Every structure is written in C-alpha cells, then in structure tokens.
Amino acid sequence: MVVWIRGDGLHEEARRWAAEHVRRLEERYGLTPKLAVLLLNDDPVELETQQKYVSLKAKDVRSVGGEVEVYELYRVPPERREVAALRLIERLNGADDVTGVLIQKPLPPYINESRLFDTLSPVKDVDGLTPENKKRLVAGFDLDRDVLPCTPAGILELFRQYGIEVRGRDVVVVGKGTLVGFPLSIMLMQLDATVTVLHALSKDRAYYTRNADIVISAVGRPPELYNDNPWRLTGDMIKEGAVVVGVGGKVDPVSKRWYFDVDEESVAQKASYLTPNLGGVGLATRARLLKNLIITTYMVATQTTSPRLLAFA
C-alpha cells in the first residue's frame, strides 16, 4: 500500500518556527519580515495559476505576522514591462522595510530573466535564484542554513522527514526548468544520487521513468490545457515500488480547475511513496518560502551577506 508524502506537518512546523522568529526580529531589531512579490506573466493559464500560488504564500506570511505586497506588473504593456520590473527591483533592493523579494516564475518569453535576477540583491532573494545564491548551491548547499530554491529544498525536506534515501538510487527528474528541475538535479547529485534529467526533446521518456527508483515530475503541461508537448505521468510509466513526487500543476482560467503532472489514482497502485496532488509538494514549498524569508530578514537586519554567518536557530 502506498505511503502518502504529505506536506502538512512540514508546513505547520515552519509556521510555528517563523512566527517565533518574527517575534524575535521585532524585539531585537524592530524589523518585521516583508515580502514583495512581482507578477509579470499575463498568459491566462500562467496568470491564473500564479495568482493562486501567490495568494497562498501571502496568506502564510501574514499568518505568522509578516507583511506582503504584490506588484501586478502583468498590467504593464509588454514592451515596457521589463524596464518597469528592473526599476522596481532596484527600488526594492534599497527599501529598508522590504526584507524579501519573490519574482514569480515562469516569466513571459520576452522578459530577460537573467537581467532581473542579476539586478536583484542576493540578500533579499527568497527563491535562491540570483547568481550569488546559485554559486553557493553549486559549491555545496546546506539544507538547513542556505536560502535555496523553495520547491527543490521542500522536496528534500520531505524526503528527510519520511526517511527516503536518495544516495545511490536512480532518480529521474522530468523537467529542466531553472526553478525546480535544474537546481533539484544539482542538489540530488550532491547527495550521491544517480540523476537523469528529461525534457521536451528527450526520446522515450517512459523508458527512463520505468527504470527509476525515484521519479520527480516538474513539467506543468497537463494535456487538458496544452496541445504542444503535453505531459502526464501514469501508473504504466513507473516500476513497482517507485517513489513518485508530483510538482507540476496548472489552473484552467475558465473552469478554475487544477490539473496536475501525475495521475494520482493509477500511480498510487504501484508506487511505494507518493505525494498527493493537493497537500504535498505545494505545502513543502510554502514552508520553505517562510524559512527563506526569515533568513533574508535576518540578513537585512544584521547587514550579513551570507546566511551561513547568521547565528539563530
């Protein structure tokens, strides 16, 4: 029988931890964590999905005593949107009351992603995607102390909580995006997993998933919403006893219905461990965002450039 990898315990623990540190930050430094969120993608599916994600993240931050401000840059005309984003990021870098900045991905294809993250201060980067934070990840990450990409770190925290060992195991990551697939593959290799990364041009993807001990699906192109390179992981695409983690999910802007990477019902018949489409990786991601925001707030408060120099528990 499948064991469900649920994120509610991790999420509640993170909320308690963050609430305590919000109190400490206000007492010691007179500083309240404040998250600024930039929404740039006006694609109907992406916008609907991102607004759902951001509303949940904002709810978490406010529930622990923090503040959130959302900037709806998708309302800016496309030809002026990147410049508007760069100017806003520069302003947020210097804003004393802003302690974390989240550039919600994926971005529109006409936005130069590198320019945005090159401009963002690594001290306020809550997703661990600035060049400085990427270098720290590649050099050797610390799961408990570093500001790391939220979903990959959340997945590894779930593995730790459920006693799922990755060392020496064959792991397939479906999707090579800079938010999940790419950083997660690097982190798994550092943990001595044998990692295969699949993408839209990979041949016979089911061959690799059927032979993997662990399958992590981070695509976000459900067949119900995409005709071009759709993806869904089904039970006939994994081996008996595999560990399966579903990351990708999108919202239909018309029906408001969620569609996910993993066919939960069929995969549950064969998997040994499986994240539920609701209540799994999403909660772990939100838990990590709270942790990252607390870390960046301490760095802002103490004018520290590296999370590893902080002294807090």
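Examining the pattern of salt bridges
Pairs can form between side chains of opposite charge once their charged atoms are near each other.
Move 1: Applying the stated rule across the entire model yields 21 salt bridges.
Move 2: Across the pair Asp 192 and Arg 167 runs a salt bridge whose closest N-O atoms are separated by 3.5 Å. Residue Asp 192 is located in the loop between helix H7 (181-190) and strand S6 (194-198), and its partner Arg 167 is located in the loop between helix H6 (150-162) and strand S5 (170-174); the two are separated by 25 residues in the primary sequence.
Move 3: A relative accessible area of 45% means that Asp 192 is categorised as partly exposed.
Move 4: Note that Arg 232 and Glu 224 form a salt bridge whose closest N and O atoms lie 2.8 Å from each other.
Move 5: Arg 232 sits in the partly exposed class, given a relative accessible area of 21%.
Move 6: Classification of Glu 224 by relative accessible area gives partly exposed; the value is 42%.
Move 7: One connected set of salt bridges, linked through shared partners, spans Glu 20, Arg 23, Arg 24 and Glu 27.

Some details on the nonpolar core
Move 1: Counting residues in each nonpolar core, the largest one holds 30 residues, and the members touching the most others are Ile 155, Leu 156, Phe 159, Leu 188, Ile 214, Ile 216 and Val 247.
Move 2: Breaking this core down by element, the ones donating at least two residues are H6, S5, H7, strand S7 (214-217), strand S8 (243-246) and helix H10 (281-302).
Move 3: Residue contributions to this core peak at five residues, all from H6.
Move 4: In contact with Phe 159, not counting residues within four places along its chain, are Ile 164, Val 166, Ile 214, Ile 216, Val 243 and Val 245.
Move 5: The next biggest cluster of nonpolar side chains, apart from the first, holds 26 residues, and it includes Leu 25, Leu 47, Ala 58 and Ile 295.

Considering the pairing of S7
Move 1: Side chains Ile 214 and Ile 216 project from S7 onto one buried face, and the interleaved Val 215 and Ser 217 project onto a second face that is buried too.
Move 2: Pairing of S5 with S7 involves four bridges; the strand directions are parallel. Looking at the pairing, Val 173 lines up with Ile 216 of S7.
Move 3: Sheet analysis places S7 next to S8, joined by four bridges and oriented parallel. The partner of Ser 217 across the bridge, within S8, is Gly 246.

Remarks on the environment of Val 138
Move 1: As for its placement among the helices and strands, Val 138 is situated in helix H5 (residues 131-140).
Move 2: For Val 138, a relative accessible area of 53% puts it in the exposed group.
Move 3: Along the chain, Val 138 and Ile 186 lie 48 residues apart, while their C-alpha atoms are 6.9 Å from each other.
Move 4: What Val 138 contacts, discounting residues up to four positions off in sequence, is Ile 186 and Gln 190.

Thoughts on helix H2 (residues 44-63)
Move 1: Compared with an ideal rise of 1.5 Å per residue, which puts 20 residues at 28 Å, H2 spans 29 Å between its outermost C-alpha atoms and is within 8% of the ideal.
Move 2: Three or more residues of H2 are buried, namely Val 45, Glu 46, Leu 47, Glu 48, Thr 49, Gln 50, Val 54, Lys 57, Ala 58, Asp 60 and Val 61.
Move 3: In this structure Asp 43 caps H2, since a side-chain oxygen of it lies 3.2 Å from the backbone nitrogen of Val 45.
Move 4: Positive backbone phi, approximately 100°, marks Gly 65, located one or two places after H2.

Re the sheet that holds strand S11 (residues 273-274)
Move 1: If you walk across this open sheet you meet the six strands as S1-S11-S8-S7-S5-S6, and the pairing is parallel. Unpaired on one side and paired on the other, strand S1 (3-4) and S6 mark the two borders of the sheet.
Move 2: Across two bridges, the pairing between S1 and S11 is parallel. Opposite Trp 4, over in S11, you have Leu 274 as the bridge partner.
Move 3: Those strands touched by H7 are S5, S6 and S7, and its axis lies near 165° from that of S6.

A closer look at the side chain of Ser 202
Move 1: Structurally, the position occupied by Ser 202 is in the loop between S6 and helix H8 (205-210).
Move 2: Among the polar contacts made by the side chain of Ser 202, one reaches the main-chain amide nitrogen of His 199 at a distance of 2.8 Å.

Re unusual backbone geometry
Move 1: The omega torsion of the bond from Lys 105 to Pro 106 falls at 5°, within 30 degrees of zero and hence cis.
Move 2: Position of Pro 106 among the secondary structure elements: in the loop between strand S4 (100-103) and helix H4 (113-119).
Move 3: Positive phi values are uncommon outside glycine, yet Gln 303 reaches one of about 55°.
Move 4: Considering the arrangement of structural elements, one finds Gln 303 in the segment after H10.

A look at the packing of aromatic side chains
Move 1: Applying the stated rule across the entire model yields four aromatic pairs.
Move 2: Between Trp 258 and Phe 260, the ring centres sit 5.7 Å apart and the planes meet at 10°, which makes this aromatic pair stacked.
Move 3: The rings of Tyr 53, Trp 258 and Phe 260 are connected pair by pair, giving a single aromatic cluster.

Cut-off values and rules
- Residues numbered from 1 in each chain as written.
- Predicted model: local features only at pLDDT ≥ 70, side-chain atom pairs only at ≥ 80, totals over all residues.
- Heavy atoms only, no water.
- Salt bridge = Lys/Arg side-chain N within 4 Å of Asp/Glu carboxyl O.
- Helix = DSSP H or I, 4+ residues; strand = E, 2+ residues; numbered from the N terminus.
- Buried < 20%, exposed > 50% of the residue type's maximum accessible area, 1.4 Å probe, protein only.
- Core = buried A, V, L, I, M, F, W, Y, C linked by side-chain atoms within 4.5 Å.
- Contact = heavy atoms within 4.5 Å.
- Pairing = 2+ DSSP bridges.
- Expected span 1.5 Å × (residues − 1).
- Polar contact = N/O pair within 3.5 Å; in protein donor to acceptor, adjacent residues only side chain to side chain.
- Axes fitted to C-alpha atoms, helices over the stretch in contact; angles between N-to-C directions.
- Phe/Tyr/Trp six-rings, centres within 6.5 Å; stacked < 30°, edge-to-face > 60°.

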